[in-house]
Amino acid sequence: MLDAVSSAEQEHLSTCGRCDARRVSMQRLLEEVSETAHAEADAAFPLERLNRQQARILARLQHEGRPARVIAFPAGHAPHEPIGSRTRPASRWIAAAAVGGLVVGVIAGRFGHDYSFQRAGINRVIASRTVEQPELRAPVSTGAIREVAASISDDEFLDQLESAVDAPAAAALQPLDDLTPRAWEVR
Amino acid sequence: MSRTPPRRAPAPAGALAPQAPLSKDSHLAAEIKRLVAVGERDAARERYGELVASQQRRAVRIAYQYLRDAHDADEAVQDAFVKVFTHITSYREDLPFEVWFTRILVNACLDLRKSRSRRLRWAVPMSATNEVAPAEPTAPDPSPEQRLVSRERATEITAAVDSLPDRQRTVFTLCHVAEQTTAEVSQALGLSEATVRVHLFRAVRKLRRLLDRA
């Protein structure tokens, strides 16, 4: 702005020392402001940072224009089906089915619980240990919960326990057993 | 890394007419546009690297003056350069590239400032004091006393420029930091040249009042 001096202005400045001094001082001030701004920015952005920035810009441009990979989910679903008309009835049906399932589950659970207490002669025992003996396995594979007949005697039980301990699989646990303190050792 | 070209004499109104000689970067941008148009994106990207190197210094100066944060300025400059390349086909070859780029850069800075103010609204302030970061010394002064004076002066100048209203600060930055003519600034900001001159006059008057020691 200050660089533009018309001929009329130049003529005035050549005769008026006060205006010329003012112009010079303003010019100096603006140069100072500009130099300070440049110095600040240059200190914040040294050459290495500019090089890094340039590399990042070009790296970003490498990926520019490539089509994005879209993974279809769920697989085989019609992609152009209108969402609004599809999700709302579906979500209603799912909610209704969930509520229905919950009600049936609660009723069945209550009924089954009552019925089990009415059954005579059979006690249900939940076994928390898995024994390797095949004859102790429940006929139906239901995980760790098995029915054990209450009629088994103590002798039979200890006999089964000893045979389980003597099994080759138990030998692997022997070092661990040695490391484990006994109840009588702990005071 | 090329430096900012020396400041041109301010052009009169209408100086950005098609017959005005365009800069080397404008010709380079036109070439990149042609390469992209014919599908030679790799070659265009290579040439664009040259354009980035040429405009980068000027861009970070503008962005840093605007945002006052090196990380934000870095991000704004990167975004602006990426946006320029992705929209290079809409570049008008009869206009200076610098004007078009400056417009995109200023918009990127404005977007970043908006998002930063949004972030700060929800952030817990770390310190109650609002201190201005001390500026780096402008030149290695021989004595510590001179260095201190220089640093204080730089802090004063930074604070004075920061105190300008947004529009005045933008116009002042583009004219005196980015070294653009008022005609170019008017095109970059979408304002009339008279409006740019008024903002610039007010900015300079205020700075003079704040900084003039005489």
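Residues numbered from 1 in each chain as written. Chains lettered and ligands numbered in written order. Predicted model: local features only at pLDDT ≥ 70, side-chain atom pairs only at ≥ 80, totals over all residues.

### Considerations on the overall build of chain A
Within chain A one finds 7 helices and 0 strands. Secondary structure of chain A in N-to-C order comes out as α-α-α-α-α-α-α. Residue burial in chain A is summarised as follows: out of 187 residues, 6% are buried. (Helix = DSSP H or I, 4+ residues; strand = E, 2+ residues; numbered from the N terminus. Buried ≥ 20, exposed ≤ 12 C-beta atoms within 10 Å, placed from the backbone.)

### Observations regarding helix α7 (residues 182–189) of chain B
Residues and elements named next belong to chain B. Counted residue by residue, α7 has 7 buried out of 8 residues, so it is predominantly covered. Those residues of α7 lying buried are Thr 182, Ala 183, Glu 184, Val 185, Ser 186, Gln 187 and Ala 188. Just beyond α7, the residue with positive phi is Gly 190, at close to 70°.

### Here's the deal with the nonpolar core
Membership of the largest hydrophobic core comes to 53 residues, with the highest contact counts inside it found for Ala63(B), Ala76(B), Val77(B) and Leu105(B). Residues within four places of Ala76(B) in sequence aside, it is in contact with Ala63(B), Leu67(B), Leu105(B), Ala108(B), Cys109(B) and Leu112(B). (Core = buried A, V, L, I, M, F, W, Y, C linked by C-beta atoms within 7 Å. Contact = placed C-beta atoms within 7 Å.)

### Remarks on the packing of helix α5 (residues 144–162) of chain B against helix α8 (residues 193–211) of chain B
Residues and elements named next belong to chain B. Two elements in contact, α5 and α8, have axes separated by 10 Å at closest approach and are oriented at 145°. In this structure, α5 crosses over α8, and the sense of that crossing is right-handed. Between α5 and α8, the contacting residues are Glu 156, Ile 157 and Ala 160 on the first element and Leu 207, Leu 210 and Leu 211 on the second. Residues of the contact of α5 with α8, tallied by class, amount to 5 nonpolar, no polar and 1 charged. (Axes fitted to C-alpha atoms, helices over the stretch in contact; angles between N-to-C directions. Left-handed = near helix turned anticlockwise from the far one by under 90°. Nonpolar A, V, L, I, M, F, W, Y, C, P; charged D, E, K, R; others polar.)

### Regarding unusual backbone geometry
Residue and element names in this part refer to chain B. Positioned with a positive phi, Arg 68 is a non-glycine residue whose angle comes to about 60°. Mapping Arg 68 onto the fold places it in the loop between α2 (41–67) and α3 (70–86). Residue Arg 68 is classed as partly exposed on the basis of its C-beta count, with 17 C-beta atoms lying within 10 Å. One non-glycine residue with positive phi stands out, namely Glu 179, at about 60°. By the secondary structure assignment, Glu 179 is in the loop between α6 (166–177) and α7.

### Focus on the interface of chain A and chain B
With 31 residues of chain A in contact, the opposing surface of chain B contributes 41 residues. Those elements giving two or more residues to the side of chain A that touches chain B turn out to be α2 (17–44) and α3 (47–62) of chain A. At 16 residues, the largest contribution of residues to the side of chain A that touches chain B is made by α2(A). When the residues that make up the side of chain A that touches chain B are grouped by side-chain class, the tally is 17 nonpolar, 7 polar and 7 charged.

### As for the confidence of the model for chain B
Residue and element names in this part refer to chain B. When pLDDT is averaged along chain B, the result is 81, and 79% of the positions lie at 70 or above. A low-confidence stretch, residues 1–19 (pLDDT under 50), is modelled with 30 contacts involving residues beyond four sequence positions or located in other chains. Scoring of the predicted complex yields 0.57 for pTM and 0.72 for ipTM. (pLDDT = per-residue confidence, 0-100.)

### Some remarks on the environment of Gln65(B)
The residue Gln65(B) is located in helix α2 in this model. By C-beta crowding, Gln65(B) is classed as buried, having 26 other C-beta atoms within 10 Å. Separated by 97 residues in sequence, Gln65(B) and Asp162(B) place their C-alpha atoms 8.8 Å apart. Residue contacts for Gln65(B): discarding those within four places in its chain leaves Ala37(A), Ala41(A), Thr173(B) and Val177(B).

### Re the packing of α2(B) against α6(B)
All names here are of chain B. Following both chains from N to C, one finds α2 and α6 inclined at 150°, their axes separated by 10 Å at the closest point. Taken together, the axes of α2 and α6 lie roughly antiparallel to each other. The handedness of the crossing between α2 and α6 comes out as right-handed. The segment α2 lies against α6, with Arg 61, Ile 62, Gln 65 and Tyr 66 engaging Thr 173, Leu 174 and Val 177. Looking at the contact of α2 with α6 residue by residue, the class counts come to 4 nonpolar, 2 polar and 1 charged. (Parallel < 35°, antiparallel > 145°, perpendicular 65-115°, else oblique.)

### Quick notes on the confidence of the model for chain A
Per-residue confidence for chain A gives a mean pLDDT of 73; residues scoring 70 or more make up 64%. When mean pLDDT is compared element by element in chain A, α3(A) scores highest at 92, while helix α6 (residues 168–171) of chain A scores lowest at 72.

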